[in-house]
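Geometric and topological summary
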Amino acid sequence: MEATKNMLLLIALTFLLSYTEANPSGFTVNLIHRDSTLSPYFNSSKTPYENLRNSVTRARARSAHFFTQNLDSSSSSFQSPLTAEPAEYLMKISVGTPPVDLLAVADTGSDLAWTQCEPCTQCYQQDTPLFNPEKSSTYVKQTCDSQACQSLSTTSCDDNNKCSYEVSYGDKSFSKGDLAFESLTFESTSGSPVVLPNISFGCGHINGGNFDKFTTGIVGLGNGPLSIVSQLNDTINGKFSYCLAPLGANVSSKVSFGSNAVVSGDGVQTTPFFTSDSGTFYYLDLESVSVGKTNVKFEKKKYTSNKAGADAGNIVIDSGTTITFLPTEFYQNFENEFKSSISSTPVEGAEGFSLCYRKEQGFEEKVPTVTFHFSGADLDLGASNTLLEVEEGVLCLAISQADDDMISIFGNVQQMNYLIGYDLVKETVSFKKSDCTNL
């Protein structure tokens, strides 16, 4: 009997050591595009063109919830105007001790990480079992006087002074439950999982809306106080980065933290980011957009202010929105310049795309370089970042017009094959051209 106990103890110690081998100050995790063959969403009966058009449809639905009236946290109970319909990238994580595997939405437009939990008063259907906090030795409910509880705008306390959270999203989806401390385990690409102890996260007992059965919750990468990157600020020195592989590459993209996330070397472009009162979004200052040698000035309301108090930040950089959305008047000027720079005649394309061309031999060589001029950083975008093949032989502009009451968004197609690093200490975003299929 004693020998058996000793053997079990040895197994337990070996298990724990294997999960703490990787250095949490620098690690890299796979990001799975929801339409790749690696994703549970992959549907072999749909063509890549159908998947792409559906992705753009989701992007429009998501962008419709980036309303300016929800930016001020003092006038809104929304944790962020994220659309609950899963964004484009998924991350495998594990929660608790022993760890329970989850597949969550990784999103720069959200903060609080949460998952569905037992006992479930109201839950949406998911394929995997719900997380049971009673089976985790590291699960601890937070009290109402904890810093995390006080940082949320919508919380309540029970008779034992335990904190309950409530987050809502732009499409009226929601999660309610207990705010807790728990260990999160990331499946590092080094082969050694990384355990992050005492992370504030939501254990949702009442959840509903447009969430899908494949996803078990959300991992927030926003700039708010309860996002994963903010909570790990001291450990990872406020740094994270991602490199998004092109659509159809069927390889995992990468998100890195800490020392693994440093973007350096020749060709690095750096621009400051700004945040609003709600703190979630990363706003950049877009000064103009060039089509070839023609520069179109970008004049749009600034949503935030810099440290000197001046207005700053007119476009959100977002990993979960497929295409870029620009204000109607500016977009029309941009589109006119784009059309005039190409000798080919536009053709009618898929619904939702206003400018399309026939993919003829040599056409992509005619496509002008589109440059987004941010404050201090110029991003040159070639044909693969500006045009998408939305049906066989038809290429459409992957930049669209936004409604007047929408925030401008710099989407992930324009970010693909760039290594993009966020520094929360310096409040900067850095860009470097990179082959994201070969990292």
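For the structure itself, look to the data block above.
Residues numbered from 1 in each chain as written. Predicted model: local features only at pLDDT ≥ 70, side-chain atom pairs only at ≥ 80, totals over all residues. Heavy atoms only, no water.

All right, on to the overall build of the chain then. From N to C terminus, the chain includes seven helices and 29 strands. For the chain, buried positions account for 54% of its 439 residues. Residue pairs at least 24 apart in sequence account for 71% of intrachain contacts in the chain once pairs closer than 6 positions are excluded. When the accessible area of the chain is evaluated, it comes to approximately 18800 Å², of which 47% is carbon and sulfur surface. (Helix = DSSP H or I, 4+ residues; strand = E, 2+ residues; numbered from the N terminus. Buried < 20%, exposed > 50% of the residue type's maximum accessible area, 1.4 Å probe, protein only. Contact = heavy atoms within 4.5 Å. Areas by Shrake-Rupley, 256 points an atom, 1.4 Å probe, with all protein chains shown as cover.)

So, about the sheet that holds strand 24 (residues 387–391). Ordered in space as 21-25-24, the three strands form an open sheet in which the pairing is antiparallel. In this open sheet, the two edge strands, each paired with only one partner strand, are strand 21 (356–358) and strand 24. Ignoring strand direction, the axes of neighbouring strands in this sheet form an average angle of 35°. (Pairing = 2+ DSSP bridges. Axes fitted to C-alpha atoms, helices over the stretch in contact; angles between N-to-C directions.)

What follows deals with the side chain of Ser319. Turning to its location among the elements, Ser319 is positioned in the loop between strand 19 (315–317) and strand 20 (324–327). If we skip the residues at most four places from it in the chain, Ser319 touches Tyr89, Ala106, Asp107, Thr108, Tyr242, Asn412 and Gln415.

Turning next to the sheet that holds strand 22 (residues 370–374). An order of 16-15-22-23 is seen for the four strands of this open sheet, with the pairing classed as antiparallel. Looking at the sheet topology across the chains shown, the edges are occupied by strand 16 (294–297) and strand 23 (377–381). The average undirected angle you get between the axes of adjacent strands in this sheet is 20°.

With respect to the secondary-structure elements, Asn314 resides in the loop between strand 18 (311–312) and strand 19. Among residues more than four places away in sequence, those in contact with Asn314 are Leu284, Asp285, Leu286, Phe298, Lys300, Lys301, Lys302, Tyr303 and Ser408.

Let's shift gears to the state of the cysteines. Using the criterion set out here, one finds six disulfides in the structure. Each disulfide pairs two cysteine sulfurs, and for Cys144 the partner residue is Cys157, the sulfurs being separated by 1.8 Å. Between Cys144 and Cys157 the sulfur-sulfur dihedral comes to about -135°; the bridge is accordingly left-handed. One end of the pair, Cys144, is in the loop between strand 5 (140–141) and helix 3 (147–151); the other, Cys157, is in strand 6 (residues 155–157), and 13 residues separate them in sequence. In this model Cys356 forms its disulfide with Cys396; the gap between the sulfur atoms is 2.0 Å. (Disulfide = S-S within 2.5 Å.)

Here the structure, examined in full by the defined rule, presents six salt bridges. A salt bridge links Lys239 to Asp423, with the nearest nitrogen and oxygen atoms 3.6 Å apart. With a gap of 184 residues between them, Lys239 in strand 11 (residues 239–243) and Asp423 in strand 28 (residues 418–423) connect regions that are remote in the sequence. What makes Asp423 buried here is its relative accessible area of 8%. One salt bridge in this structure joins Glu299 and Lys297, with 3.7 Å as the shortest N-O distance. Take Glu299: its relative accessible area is 63%, and that puts it in the exposed class. Residue Lys297 is classed as exposed on the basis of its relative accessible area, which comes to 60%. (Salt bridge = Lys/Arg side-chain N within 4 Å of Asp/Glu carboxyl O.)

On to the pairing of strand 8 (residues 174–186), then. Most of strand 8 is tucked away, with 11 of its 13 residues classed as buried. Across three bridges, the pairing between strand 2 (residues 89–95) and strand 8 is antiparallel. Of the residues in strand 8, the one forming a bridge with Ile93 is Phe186. Relative to strand 8, strand 5 is paired through two bridges, and the arrangement is antiparallel. Along strand 8, the bridge assignment pairs Val140 with Phe181. Of the strand pairs in this sheet, strand 7 (residues 163–168) and strand 8 are connected by five bridges, and their pairing is antiparallel. Directly across from Ser168, in strand 8, lies its bridge partner Phe174.

Okay, the packing of aromatic side chains next. This model, assessed by the stated rule, comprises 19 aromatic pairs. The interplanar angle of 75° and the centroid separation of 6.3 Å between the aromatic rings of Phe131 and Phe201 together place this pair among those described as edge-to-face. Placement of Phe131 in the loop between strand 4 (114–116) and strand 5 and of Phe201 in strand 9 (residues 194–208) is noted, with a sequence separation of 70 residues between them. Here Phe131 matches Phe201 in class, with each residue buried. Joined through ring pairs, the aromatic side chains of Phe240, Tyr242, Phe273, Tyr282 and Tyr422 make up one cluster. The lysine or arginine in question, Lys176, covers the ring of Phe174, its NZ or CZ lying 5.7 Å from the ring centre. (Phe/Tyr/Trp six-rings, centres within 6.5 Å; stacked < 30°, edge-to-face > 60°. Lys NZ or Arg CZ within 6 Å of the ring centre and 35° of its normal.)

Another point: the pairing of strand 28. Most of strand 28 sits out of view: five of its six residues are buried. Two strands pair when backbone bridges link them, and strand 11 and strand 28 are joined in this way by five bridges, in the antiparallel orientation. Within strand 28, the residue paired with Lys239 across the bridge is Asp423. Here strand 28 hands over to strand 29 (residues 428–433) after four residues, with Glu427 in that stretch at a positive phi of 60°.

Once that is clear, we can look at the environment of Thr155. Looking at where Thr155 falls in the secondary structure, it is placed in strand 6. The class for Thr155 is partly exposed, based on a relative accessible area of 33%. Distance in space between the C-alpha atoms of Thr155 and Glu166 is 6.1 Å, their sequence separation being 11 residues.

Here Gly177 lies in strand 8. Along the backbone, Gly177 and Gln116 are 61 residues apart, and their C-alpha atoms lie at a distance of 8.8 Å. Aside from chain neighbours lying at most four places away, what touches Gly177 is Cys163, Ser164, Tyr165, Cys203, Gly204 and His205.

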